[in-house]
Amino acid sequence: VFRRLAQDVKAFHDFCEAEAARLRPQWPDMSASWLAALIVGRWPSGAPLRQGISADPGSTIPPDNSFTFHGDEGHTCPFGAHIRKVNPRKGAGDVVDVPRMLRRGIPFGPRLKDEPAAERGLLFLAYQSSIQNTFEFVTVQWMNSDRRPGPGDDVLI
């Protein structure tokens, strides 16, 4: 599967700024970048969310893709986080009963700070044994479900 996904990066950042400000009375440490990481399930550097860390710890080379959600009841990485909805890993409340996909993405367009009005997005490629049984299942049955693979909607999508 190949998709060219346009992303309104500025609108996403603006949303996270406004919502973080709205949530600060209940969560004083809430920042726009932490809220964005909770929605995506990873920090901008690609680092996965970890308990007790409320700022991007920076990237590691090679990236840490060996983590699971074992022991996380949705408090560190929310059940509705994009990564948890589209690529669930072993953990409480997560169903992992479909064949896996190999996913790769390449961003396109200039960085937001360089050209705020320019078109940006992701060139997305997924390899799987069956488009219908894997890719379509994940995008239709999981991303748009408030119950599967874990509770919560994929807010990013």
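Above this note sits the structure.
Sequence order as written defines the numbering, with residues in each chain counted from 1. This being a predicted model, a pLDDT of at least 70 is required before a residue's local features are given, and a value of 80 or more before pairs of side-chain atoms are given or counted; all residues contribute to the totals for chains, interfaces and linings. Hydrogen atoms and water are omitted, and side-chain values are computed over all heavy atoms in the structure.

(A) Structural detail: helix 4 (residues 131-142). Categorising residues by exposure relies on relative accessible area from a 1.4 Å probe, with only protein chains included: less than 20% of the type maximum marks a residue as buried, more than 50% marks it as exposed, and the intermediate range marks it as partly exposed. Helix numbering and strand numbering both begin at the N terminus, where a helix is a DSSP run of H or I of at least 4 residues and a strand a DSSP run of E of at least 2. Taken together, the buried positions of helix 4 are Thr134, Phe135, Phe137, Val138, Thr139 and Trp142. Those residues of helix 4 that are buried lie in contact with strand 1 (2-7), helix 3 (82-86) and strand 3 (120-127). Pairs of residues are marked as contacts when any of their non-hydrogen atoms sit within 4.5 Å.

(B) Fine view of the packing of aromatic side chains. Centre distance within 6.5 Å is the pairing criterion for rings of Phe, Tyr and Trp, where only the six-membered ring of Trp is used; planes under 30 degrees apart are then read as stacked, over 60 as edge-to-face, and the remainder as tilted. Going through the model one piece at a time under the given rule, you end up with three aromatic pairs. Where Phe137 meets Trp142, the ring centres are 5.4 Å apart and the plane angle is 65°; that geometry is what we call edge-to-face. Whether a charge lies above a ring is judged from NZ of Lys or CZ of Arg, which has to be within 6 Å of the ring centre and within 35 degrees of the ring normal. The ring of Phe108 has Arg4 lying over it, and the distance from NZ or CZ to the ring centre is 4.1 Å.

(C) Broad picture of the packing of helix 1 (residues 9-23) against helix 2 (residues 32-40). Axis definition: a line fit to C-alpha positions, over the contact stretch in the case of helices; interaxial angles, taken between N-to-C directions, run 0 to 180 degrees. The N-to-C vectors of helix 1 and helix 2 enclose an angle of 110°; their axes lie 8 Å apart at closest approach. Relative to helix 2, the element helix 1 lies roughly perpendicular. The segment helix 1 lies against helix 2, with Phe12, Phe15, Cys16, Glu17, Glu19, Ala20 and Leu23 engaging Ala32, Leu35, Ala36, Ile39 and Val40. Any residue outside Ala, Val, Leu, Ile, Met, Phe, Trp, Tyr, Cys, Pro, Asp, Glu, Lys and Arg is labelled polar, Gly included; the first ten of those are nonpolar and the last four are charged. Residue classes in the contact of helix 1 with helix 2 are distributed as 10 nonpolar, no polar and two charged. In what follows, roughly perpendicular refers to angles from 65 to 115 degrees, roughly parallel to angles under 35, roughly antiparallel to angles over 145, and oblique to any angle outside these ranges.

(D) The arrangement of the environment of Arg147 in detail. Its place among the elements puts Arg147 in the segment after helix 4. Between the C-alpha atom of Arg147 and that of Lys85, which follows or precedes it by 62 residues, the distance is 9.9 Å.

(E) The sheet that holds strand 1, seen in detail. Across the sheet, three strands lie side by side as 1-3-2; this open sheet has antiparallel pairing. Across the chains shown, the open sheet's two edge strands, defined by having one partner strand only, are strand 1 and strand 2 (102-108). Recorded for the sheet is a direction-independent mean angle of 20° between the axes of neighbouring strands. Summarising the sheet, strand 2 and strand 3 pair through seven bridges and their orientation is antiparallel. Two strands qualify as a pair provided that DSSP identifies no fewer than 2 bridges between them.

(F) Main features of the layout of surface pockets. Here a cavity denotes a set of grid points, spaced 1 Å apart and computed over the protein atoms alone, in which a 1.4 Å probe fits but from which it cannot get out, and a pocket denotes an open set meeting protein on both sides within 12 Å along at least five of seven lines; residues with an atom within 4 Å of a point are reported as lining. Grid points are joined across faces, edges and corners, and a volume is the space filled by probe spheres set on the points. By volume, the second largest pocket is sized at about 450 Å³. As for the second largest pocket, its lining consists of 21 residues, of which Met30, Trp34, Leu35, Leu38 and Pro78 are closest to the centre. In terms of residue class, the lining of the second largest pocket is built from 13 nonpolar, five polar and three charged.

(G) Representation of the side chain of Arg84 within the structure. When you line up the elements, Arg84 lands in helix 3. Using a relative accessible area of 0% as the deciding quantity, one classes Arg84 as buried.

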